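Remarks on the overall topology
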Amino acid sequence: MNVDQRDGRDAVGQRAPRSGGRTTAQRTTRTTTGADRLDRRGEARARGAREFPTQGSAALRPAERTRAAGAPAPRLRVAPPPPVRVPRAPFVGLILVLVVGGVLGILAVNTKINENAFKLEKLQQQQAKLDVDQQQLEKEIADQKAPGNLTANARKLGLVESDDPAYIRLPDGKTIGIPHPAEGAPAITSQQGNGG
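Residues numbered from 1 in each chain as written. Predicted model: local features only at pLDDT ≥ 70, side-chain atom pairs only at ≥ 80, totals over all residues. Heavy atoms only, no water.

1. Remarks on the overall build of the protein
Rules: Starting at the N terminus, helices and strands are each numbered in turn, a helix being any DSSP run of H or I of at least four residues and a strand any DSSP run of E of at least two. Partly exposed residues are those whose accessible area sits between 20% and 50% of the maximum for their type, while under 20% is buried and over 50% is exposed, using a 1.4 Å probe and protein chains only. Any two residues having at least one pair of non-hydrogen atoms within 4.5 Å are treated as being in contact. Note on areas: Shrake-Rupley with a 1.4 Å probe; residue coverage comes only from the protein chains shown.
Scanning the protein for helices and strands turns up five helices and two strands. Secondary structure elements of the protein, listed N to C terminal, follow the sequence α-α-α-α-α-β-β. Counting over 196 residues, the protein shows a buried share of 2%. Counted over contacts in the protein with a minimum sequence separation of 6, partners at least 24 positions apart contribute 24%. If you sum the accessible surface of the protein, you get close to 18700 Å²; carbon and sulfur atoms cover 58% of it.

What follows is the structure in structure tokens.
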């Protein structure tokens, strides 16, 4: 078996046509002229086929441009962009207003921060003083609650100790024991002992 035959080519180097296909030589020998194209377009229009496959609202046929045979094509060149004129005075004024406003805003914020810092320091000093006062008052209360101080303060008020006290039961109000007045002389330093 020959290499050319095995490859599907004949001795000339052309590939054998497939079923229904054309060879390269047949493709290149066929040339179409402008008249053939116009005839095909006319046939396609007569059959109802579209020349330009489109969808939706783009189904309109684009207009063909016609140019005179003798007229040369116009020469196109890039035009420079039109100069942009921005009024400078309002822009400069806006920038100045923004800069001055920003500086004044920063100064106002710094002033307020410093003022609040002084207020905070003053309030912290007051809080420290109040904390010391509270500690002193709590110490005085604890001292006054001591049993020896309670007895001394009671004697200053003219109270005397009772030997056998009576009790009142709270749920029903019943008295337990026999109440009788305490016997004893008031203390010398009491208000009653001084004649007050």
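2. Details of the packing of helix α4 (residues 88–145) against helix α5 (residues 147–156)
We count it as follows: The convention used is that axes are lines fitted to C-alpha atoms, helices contributing only their stretch in contact, and that angles between N-to-C directions extend from 0 to 180 degrees. Roughly parallel covers angles under 35 degrees, roughly antiparallel covers those over 145, roughly perpendicular covers 65 to 115, and oblique covers all other angles. Amino acid classes used here: Ala, Val, Leu, Ile, Met, Phe, Trp, Tyr, Cys and Pro are nonpolar; Asp, Glu, Lys and Arg are charged; the rest, including Gly, are polar.
The interhelical angle for the contact between α4 and α5, taken along N-to-C directions, is 75 degrees, at an axis separation of 5 Å. One way to sum up the angle between α4 and α5 is to call them roughly perpendicular. The residues of α5 that touch α4, namely those facing D143, Q144 and K145, are P147, N149, L150 and N153. A per-class count over the contact of α4 with α5 returns two nonpolar, three polar and two charged.

3. With respect to the environment of I178
By the element assignment, I178 lies in the segment after β2 (175–176). Taking the C-alpha atoms as reference points, I178 and Y167, eleven residues apart in sequence, are found 8.6 Å from one another. Excluding its chain neighbours within four sequence positions, the residues that come into contact with I178 are D164 and A166.

4. Some thoughts on the confidence of the model for the protein
The condition that has to hold: Each residue carries a pLDDT score, the predictor's confidence in it, ranging from 0 to 100.
For the protein, mean pLDDT is 75; residues scoring 70 or higher make up 59% of the total. No element of the protein has a lower mean pLDDT than helix α1 (residues 3–6), at 49, and none a higher one than α4, at 95.

5. Examining a nonpolar patch on the surface
This is how the line gets drawn: Nonpolar side chains (Val, Leu, Ile, Met, Phe, Trp, Tyr) are joined into patches within 5 Å and like charges within 9 Å, using only residues with over 30% relative accessible area and no salt bridge. What makes a salt bridge here is a side-chain nitrogen of Lys or Arg within 4 Å of a carboxyl oxygen of Asp or Glu, nothing more.
Taken together, the side chains of F91, V92, L94, I95, L96, L98, V99, V100, V103, L104 and L107 define a hydrophobic patch exposed on the protein surface, amounting to about 1000 Å² of accessible area. What makes I95 partly exposed here is its relative accessible area of 37%.

6. Details of the pattern of salt bridges
For the structure on display, the rule yields three salt bridges. For E161, the salt bridge identified is with R155, shortest N-O distance 3.9 Å. In this structure R155 comes out as partly exposed when scored by relative accessible area, which is 43%. Taking the shortest distance from any N to any O, the salt bridge between R169 and D172 comes out at 3.0 Å.

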